[in-house]
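Overview (structure and organization)
Listed here are the chains, written in short residue letters.
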Amino acid sequence: MQLPKPNLPRHCTLCPRACGANRAAGQTGVCGAGSVLRAARAALHHWEEPCLSGDPQAHTGSGTVFFSGCALGCCYCQNYPISQEGAGRNISAGRLAEIFLELQQQGAKNINLVTATQWLPWVLPALDAARVGGLALPVVYNTGGYETVETVRALAPYVDIWLTDYKYASPALAAELSRAQDYPAAAEAALRAMLAQTGAPVYDGEGYLQRGVIVRHLALPGHTDDSRAVLQRLAALKKETGVPFLLSLMSQFTPFYHAAAHGLGRRITSYEYRKVVDAALALGLTEGYMQEKSSAREEYTPPFDGEGL
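Residues numbered from 1 in each chain as written. Predicted model: local features only at pLDDT ≥ 70, side-chain atom pairs only at ≥ 80, totals over all residues. Heavy atoms only, no water.

Let's talk about the nonpolar core
What counts is decided by this rule: What we call a nonpolar core is a set of buried Ala, Val, Leu, Ile, Met, Phe, Trp, Tyr and Cys residues that are connected through their side-chain atoms within 4.5 Å. Burial classification: accessible surface area is computed with a 1.4 Å probe over protein chains only, and a residue below 20% of its type maximum counts as buried, one above 50% as exposed, and the rest as partly exposed. Only DSSP runs of H or I covering at least 4 residues are called helices, and only runs of E covering at least 2 are called strands; the numbering of each starts at the N terminus. A contact between two residues is defined here by any heavy atoms of the two lying within 4.5 Å.
In terms of nonpolar packing, the biggest core is built from 66 residues, with Phe67, Phe100, Leu113 and Leu234 touching the most fellow members. Ranked by residues supplied to this core, first place goes to helix H4 (residues 120-132) with eight residues. Every residue in contact with Phe67, bar those within four places of it in the chain, is listed here: Leu37, Arg38, Ala39, Ile82, Leu96, Leu113, Val114, Thr115, Ala116, Trp119 and Val123. If you look at the next biggest cluster of nonpolar residues, it comprises 21 residues, including Ala71, Tyr146, Ala186 and Ala187.

Observations concerning unusual backbone geometry
A positive phi is found at Ala18, a non-glycine position, where the angle reads about 45°. Inspection of the secondary structure puts Ala18 in the segment before strand S1 (38-45). Among the residues examined, Ala18 registers a relative accessible area of 40% and is labelled partly exposed.

Let's talk about the packing of helix H3 (residues 93-105) against H4
Packed helices, taken two at a time, are described by their axes: the angle between them and the distance between them. Applied cut-off: Helix axes are fitted only over the stretch in contact, all axes being lines through C-alpha atoms; the angle between N-to-C directions runs from 0 to 180 degrees. Small angles under 35 degrees read as roughly parallel and large ones over 145 as roughly antiparallel, with 65 to 115 read as roughly perpendicular and the rest as oblique. Helix crossings get a hand from a simple test, with the near helix turned counterclockwise from the far one by less than a right angle marking a left-handed crossing and a clockwise turn marking a right-handed one. The residue classification treats Ala, Val, Leu, Ile, Met, Phe, Trp, Tyr, Cys and Pro as nonpolar and Asp, Glu, Lys and Arg as charged. All others, Gly included, are polar.
Close contact between H3 and H4 brings their axes to 8 Å; oriented N to C, the two are set at 50°. In terms of their interaxial angle, H3 and H4 are classed as oblique. Between H3 and H4 the crossing geometry is right-handed. Across from Ala93, Leu96, Ala97, Phe100 and Leu101 in H3, the residues of H4 making contact are Trp122, Val123, Ala126, Leu127, Ala129 and Ala130. Here the residues of the contact of H3 with H4 are counted per class, giving 11 nonpolar, no polar and no charged.

Things to note about the packing of aromatic side chains
Keep this limit in mind: Any two of the Phe, Tyr and Trp rings considered here, Trp counted by its six-membered ring, make a pair once their centres fall within 6.5 Å; the pair's planes then place it as stacked at under 30 degrees, edge-to-face at over 60, or tilted in between. Two thresholds decide whether a charge sits over a ring: the Lys NZ or Arg CZ must be within 6 Å of the ring centre and within 35 degrees of the ring normal.
Using the criterion set out here, one finds seven aromatic pairs in the structure. Ring geometry for Tyr76 against Phe253: centres 5.8 Å apart, planes inclined by 65°, an arrangement best described as edge-to-face. Of the two residues, Tyr76 sits in the loop between strand S2 (61-67) and helix H2 (80-83) while Phe253 sits in the loop between strand S9 (246-250) and helix H9 (270-282), which places them 177 residues apart along the sequence. Between Tyr146 and Tyr183, the aromatic rings sit 6.1 Å apart at their centres with planes inclined by 20°, giving stacked as the arrangement. Placement of the pair is Tyr146 in the loop between strand S5 (139-143) and helix H5 (149-154) and Tyr183 in helix H7 (residues 183-198), with a sequence separation of 37 residues. As far as burial versus exposure is concerned, Tyr146 and Tyr183 are alike and both buried. Chaining the aromatic ring pairs together yields one cluster made of Tyr146, Tyr168 and Tyr183. Across the ring face of Trp119, the terminal group of Arg23 is positioned such that the distance to the ring centre comes to 5.4 Å.

Points about the pairing of S1
Both faces of the sheet carry side chains from a regular strand, because those side chains alternate between them. For clarity, the cut-off: Only strands joined by at least two bridges in the DSSP assignment are considered to pair.
A large share of S1 lies buried, amounting to seven of its eight residues. Sheet topology note: the S1/strand S3 (residues 89-90) ladder contains two bridges and is antiparallel. Looking at S3, one finds that Ala39 is bridged to Arg89. Sheet analysis places S1 next to S2, joined by six bridges and oriented antiparallel. Its bridge partner lying in S2, Ala39 is registered against Phe67.

Right, here's the structure in full:
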């Protein structure tokens, strides 16, 4: 599928870094993105929340596209080959539109865009073209939460479901582990915009989410105090806005990449994770999901081998 050449930013401000890279001239942003779209995998993914991917044994799943690059610099990123090291393949916006339609034909319940913000000049035209071509699935925007309010608002015509992280309450911890001291403020402002955009969760007759917000929080070993602070902020936000959302509390931390160098050389204990779950329940954050401790396994990270591209 042929699409017009994307309108690349000459002073990139797509994410809170606002690094100003002239990507039209071939400069690379802090996120690692330049003037050619890169992705690493496009396939049915079976390990998202059940309302997105359904039964792992069924012949369906979330139609997930993993994009290369990331505005964050998380020292423990399980997807570090694509987020930090640039792994992936160059594709066109036209090919991306075809991929969306192919995932729908394979039985995907949604189109799941993982870390796509740096590639919006390609992604949005691809979604437009795919819709003209018959795409009828809800679009999931799978983000680390480090977004600008302007970008969230610009995505309103495209995104049905926000699948967003809320990683930290502490700016100091965000700076140490993700090189983003402003993460807590940026993530909360973005989440407010997401909630205003989608409203309460809406499901189809099979229980698949069609619209709404899922907030993920990955509990980190040795940092349960910060996890509880995140939950307190989420509870306050829910009360203030009156908009319900689904909370996904994750125990799957595995010491990938440079985690050990930052004091994260082990998995979270059952006791630590239970403390986080109990805090969520005490705060009334009862709608959503929690993981079994067995989720902390390397096999939950898919191979970034170019499948589906």
